[in-house]
Amino acid sequence: MSEKLSQISDLRQNYTLNSLLKENVSDNPFTQFAVWFEEAVNGDIYEPNAMILSTVSENQPKSRTVLLKALENDGFVFYSNYDSHKGEQMADNNKVSLLFYWDRLQRQVRIEGTVSRISEEISTAYFQSRPRSSQLGAWASKQSEVIENEQVLVEQLEFFTKKFEGIEVLPKPENWGGYVVNPNKIEFWQGRPSRLHDRLVFDLVDSDWKISRLSP
Ligand SMILES: Cc1cc2nc3c(=O)[nH]c(=O)nc-3n(C[C@H](O)[C@H](O)[C@H](O)COP(=O)(O)O)c2cc1C
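Residues numbered from 1 in each chain as written. Predicted model: local features only at pLDDT ≥ 70, side-chain atom pairs only at ≥ 80, totals over all residues. Heavy atoms only, no water.

**Student:** Account for the layout of surface pockets, naming residues and giving values.
**Tutor:** Taken as a whole, the largest pocket spans an internal volume of roughly 390 Å³. As for the largest pocket, its lining consists of 17 residues, and the residues nearest its centre are Tyr79, Ser80, Arg130, Gln143 and Trp176. Where the lining of the largest pocket is concerned, the elements lending two or more residues are β2 (60-67), β4 (75-81) and α5 (132-140). Among the elements that make up the lining of the largest pocket, the one with the highest residue count is β4 (four residues). (1 Å grid on protein atoms, 1.4 Å probe; cavity = no way out; pocket = protein on both sides within 12 Å on 5 of 7 lines; lining within 4 Å. Points joined across faces, edges and corners; volume = space filled by probe spheres on them. Helix = DSSP H or I, 4+ residues; strand = E, 2+ residues; numbered from the N terminus.)

Written out as structure tokens, the structure is:
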């Protein structure tokens, strides 16, 4: 075993940067998220909009990273391939969770809610705003499918590059687009000394957000 792995139980940090008290947070979890997100963007975090998306179907949870691309109408928006594993899981079960971990700020945000597809118009507008190379990549990849080797992707990319040569505005693949997660629970976690972390959770009850403090 590598030296680092054998010493894994010694890896620990003490959290001393900040605190999170009811009197200092907004009544609205989206406003509070916006405050923390801005601090994450300014906080030297490589990809502050990276979030773990967990889905469940047939009793099997699966997690993977996706990028938050908008926070609109109280929903967290990301883009993916509708035929991917995650797409299949979300078609089967629309209950999902999202998780942000901003290590340099010693913060975590957990979101639970329901997911749905966003409109084709918004997906198309976003698709066409991406760099051409990313658009071609979306055409070339049958996300989550088994492929023989990496050459398959190179050939697919060449195929679509040629196919769309001279076409300025690429169409969006039918099976590619956005999802929005509308939360019913958002928890803000701030690391504290002695593992006595601050946890404030917002629950949506009868269209109002109720805030509670949880034991760490
Ligand atoms: C930092 C990072 C950002 C990612 N962003 C996305 C994304 O926005 N959309 C996406 O479909 N996959 C994204 N991926 C890839 C996914 O994590 C995953 O590998 C892929 O979507 C296939 O997942 P699935 O087989 O569970 O559907 C990202 C991966 C990383 C590490």
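**Student:** Can you break down the packing of aromatic side chains residue by residue, with the values?
**Tutor:** Evaluated as defined, the whole model comprises 21 aromatic pairs. Consider the rings of Phe30 and Phe76, whose centres lie 6.2 Å apart with planes at 40°: the pair is tilted. One end of the pair, Phe30, is in helix α2 (residues 29-41); the other, Phe76, is in strand β4, and 46 residues separate them in sequence. Using a relative accessible area of 0% as the deciding quantity, one classes Phe76 as buried. (Phe/Tyr/Trp six-rings, centres within 6.5 Å; stacked < 30°, edge-to-face > 60°. Buried < 20%, exposed > 50% of the residue type's maximum accessible area, 1.4 Å probe, protein only.)

**Student:** How would you summarise the side chain of Lys172 if you had to cite specific residues and measurements?
**Tutor:** In this structure, Lys172 sits in the loop between α6 (150-163) and β7 (176-190). On the basis of relative accessible area, Lys172 is assigned to the buried category, the value being 10%. Reaching out from Lys172, the side chain makes a polar contact with the side chain of Glu120 at a distance of 3.3 Å. From its side chain, Lys172 meets the backbone oxygen of Trp176 in a polar contact 2.6 Å long. (Polar contact = N/O pair within 3.5 Å; in protein donor to acceptor, adjacent residues only side chain to side chain.)

**Student:** Hey, could you go over the site of the ligand for me, with residue numbers and the actual values?
**Tutor:** Taken together, Glu47, Arg64, Thr65, Val66, Leu67, Tyr79, Ser80, Ser84, His85, Lys86, Gln143 and Ser144 make up the full set of residues adjacent to the ligand. Lys86 places a polar side-chain atom, nitrogen or oxygen, 2.6 Å from an oxygen atom of the ligand. Gln143 places a side-chain nitrogen or oxygen 3.1 Å from an oxygen atom of the ligand. Put simply, the parts of the chain that give the shell around the ligand at least two residues each are β2, β4 and α3 (85-92). A total of four residues in the shell around the ligand trace back to one element, the largest contributor, which is β2. Grouping the amino acids of the shell around the ligand by side-chain chemistry returns three nonpolar, six polar and three charged. (Near = heavy atom within 4 Å. Nonpolar A, V, L, I, M, F, W, Y, C, P; charged D, E, K, R; others polar.)

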